[in-house]
Amino acid sequence: MAIKTLFHKLPIKLKLAIVIFAAVSTGVGTVGGIVVYRDVTSIRKNSEQEIKNILQVASQDFLKILVINDPEIAADAVTHLIAFPQILQTILYDRDGQIVFTYYPINEKIEEPEQLQQNNFLLRNNFFHVRQPIIHELKEYGSIYFKVSAQLLRQKMQGYFDLLSIALPFLLLMSLLVAAVFQRIFTRPILELVKVIKSATEKSDYSRRVLTNDKKEIGQLFIGLNNMFAKIEDTTHSLNQQKERLHVTLESLGEGVIATDKNGIIEYMNPMAQELTGWDEESAVGLPLDAVYKVFNESTEKQILYKVRCCLRGDPDLNGDQLILVAKNSKKIAIKNSFAPILDTH
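Residues numbered from 1 in each chain as written. Predicted model: local features only at pLDDT ≥ 70, side-chain atom pairs only at ≥ 80, totals over all residues. Heavy atoms only, no water.

Caption draft 1: Looking closely at the overall build of the protein. Regarding its fold elements, the protein presents nine helices and 11 strands. Every one of the 346 residues in the protein was classed for burial, and the buried ones make up 27%. Of the contacts formed within the protein by residues at least 6 apart in sequence, a portion of 44% connects residues at least 24 apart. In the structure as shown, the protein presents an accessible area of about 23,600 Å², 57% of it carried by carbon and sulfur atoms. (Helix = DSSP H or I, 4+ residues; strand = E, 2+ residues; numbered from the N terminus. Buried < 20%, exposed > 50% of the residue type's maximum accessible area, 1.4 Å probe, protein only. Contact = heavy atoms within 4.5 Å. Areas by Shrake-Rupley, 256 points an atom, 1.4 Å probe, with all protein chains shown as cover.)

Structural data, given as structure tokens:
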């Protein structure tokens, strides 16, 4: 669980490199294991077939020994067995299981494995142990046991181990190189995509594009993102132009314009409004409307407090004339005003 959590915390480049390295290493190991297994299996089958050929050649001598029990025949059998140096031990049994002939080309005698049954091949301790019946005209006369060297198989296996000890570091290095190359190929466009999206979200920069020549799924994703950014950029440019035109219009109006948020806090004043109120925009922005726009009824001389919520619901009593505006310098100006809510489409 801890390894899984740690893996999820790794950057995508390292994740992909690990996955590719593991896949390549597994593939190389699997192919190598299959090759070794097939070769070793082939050598063992060849060894077993060779032993069967020896049995076929020597079976007449062993049959004669069991039937006639002539020393000259036994000597001929020894001569034939000497021609096969891989045979290390031979024991001939009669039907009662009694030993009637033995052959040892070396001094040390090794006992026959007790678990070895008739018609069986056993590979143990670098030796093939074989026991086969002696049959003639469907009659069994006894059995023969061979102990045969598996030196060829052992040498082959040692050769594989030596080759593996040399090739393993090289294969691991090649796997790392392959992982690095494929990781770079796979992650480069993804990382470029991350940079473009990060620039858009953090800096509102929609001018960057993801470069790709891929026409498949990933390429279509990048092309779609580029098209979306292009539309956002065009829309933003259009909105900025409209905003600029509106700003120029408001700035050039001969009437004072004050804009507030929904809580009545001033957000904008055009030059005429600044001139009438005596407040510059920088000082007025962020203040409540009634603190800057002080209007009194000409007849009652009472200050009129404008509630934004009344404006939002379109209260007609907010609009009127015969009003006195008291500027910041206490100058009184006769005005008429009108209020209108700024609503979006939602």
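Caption draft 2: Here's a closer look at helix α3 (residues 71-82). Compared with the 16 Å implied by 1.5 Å per residue over 12 residues, the 17 Å span of α3 between its first and last C-alpha is a close match. Residues I73, A74, A77 and L81 constitute the buried set of α3. Considered in projection along α3, the buried side chains sweep an arc of 100° and stay on one side of the axis. Across from the buried face of α3, at angles greater than 90 degrees, the exposed residues are P71, E72, T79 and I82. (Expected span 1.5 Å × (residues − 1). Arc of directions from axis to C-beta.)

Caption draft 3: Structural context of the sheet that holds strand β5 (residues 139-149). Read from one edge to the other, the open sheet built from five strands follows the order β2-β1-β5-β4-β3, with strand pairing classed as antiparallel. Unpaired on one side and paired on the other, β2 (99-103) and β3 (120-124) mark the two borders of the sheet. Looking at each pair of strands side by side, their axes are set apart by 15° on average, direction ignored. Two strands pair when backbone bridges link them, and strand β4 (residues 127-136) and β5 are joined in this way by 10 bridges, in the antiparallel orientation. Each residue of the ladder has a partner; that of H136, found in β5, is K139. (Pairing = 2+ DSSP bridges. Axes fitted to C-alpha atoms, helices over the stretch in contact; angles between N-to-C directions.)

Caption draft 4: Up close: the packing of aromatic side chains. This model, assessed by the stated rule, comprises two aromatic pairs. Ring centres 6.3 Å apart and planes at 50° place the aromatic pair F62 and F101 in the tilted group. Residue F62 is found in helix α2 (residues 12-67), and its partner F101 is found in strand β2; the two are separated by 39 residues along the sequence. A relative accessible area of 0% places F62 in the buried class. Seen from their ring centres, F62 and F146 are 6.1 Å apart, and the 55° between their planes marks the pair as tilted. Here the residue F62 occupies a position in helix α2, and F146 occupies one in strand β5, the gap between them amounting to 84 residues. (Phe/Tyr/Trp six-rings, centres within 6.5 Å; stacked < 30°, edge-to-face > 60°.)

Caption draft 5: Representation of the environment of L92 within the structure. Mapped onto the elements of the fold, L92 is located in strand β1 (residues 87-94). Once the C-alpha coordinates of L92 and F146 are considered, the two residues, 54 residues apart in sequence, prove to be 9.0 Å apart. Filtering out sequence-adjacent residues up to four positions away, L92 remains in contact with F62, I65, L66, Q98, I99, V100, F101, I134, S143 and I144.

Caption draft 6: Here's a closer look at the pairing of β1. Burial of β1 is extensive: seven of the eight residues sit out of reach of the surface. Note that β1 and β5 share seven bridges and pair antiparallel. Paired with T90 across the two strands is F146, which belongs to β5. As judged from the four bridges shared by β1 and β2, these two strands associate in the antiparallel manner.

Caption draft 7: Focus on the side chain of H129. Within the fold, H129 resides in strand β4. H129 gets classed as buried once you look at its relative accessible area, which sits at 4%. Only 2.8 Å separates the side chain of H129 from the side chain of Y145, close enough to count as a polar contact. (Polar contact = N/O pair within 3.5 Å; in protein donor to acceptor, adjacent residues only side chain to side chain.)

Caption draft 8: The arrangement of the environment of I333 in detail. When you line up the elements, I333 lands in strand β11 (residues 332-337). Residues in contact with I333, not counting those within four places in the same chain, are L276, L323, I324 and L325.

Caption draft 9: View of the side chain of N270. Tracing the chain through its elements places N270 in the loop between β7 (266-269) and α6 (271-277). Residue N270 is classed as buried on the basis of its relative accessible area of 0%. There is a polar contact of 2.8 Å between the side chain of N270 and the backbone nitrogen of V257. Sequence-distant contacts of N270, defined by excluding residues within four places in its chain, comprise L250, E251, L253, E255, G256 and V257.

Caption draft 10: Quick peek at unusual backbone geometry. Not every positive phi belongs to a glycine, and E137 is a case in point at roughly 50°. Examined against the element boundaries, E137 turns out to sit in the loop between β4 and β5. Judged by its relative accessible area of 70%, E137 is exposed.

Caption draft 11: A look at the nonpolar core. Membership of the largest hydrophobic core comes to 24 residues, with the highest contact counts inside it found for F62, I65, L92, F101 and F146. Mapped onto this core, the elements with two or more residues apiece are α2, α3, β1, β2, β4 and β5. It is α2 that contributes the most residues to this core, eight residues altogether. Grouped together as the second largest cluster of nonpolar side chains are 13 residues, I266, W279, L323 and I333 included. (Core = buried A, V, L, I, M, F, W, Y, C linked by side-chain atoms within 4.5 Å.)

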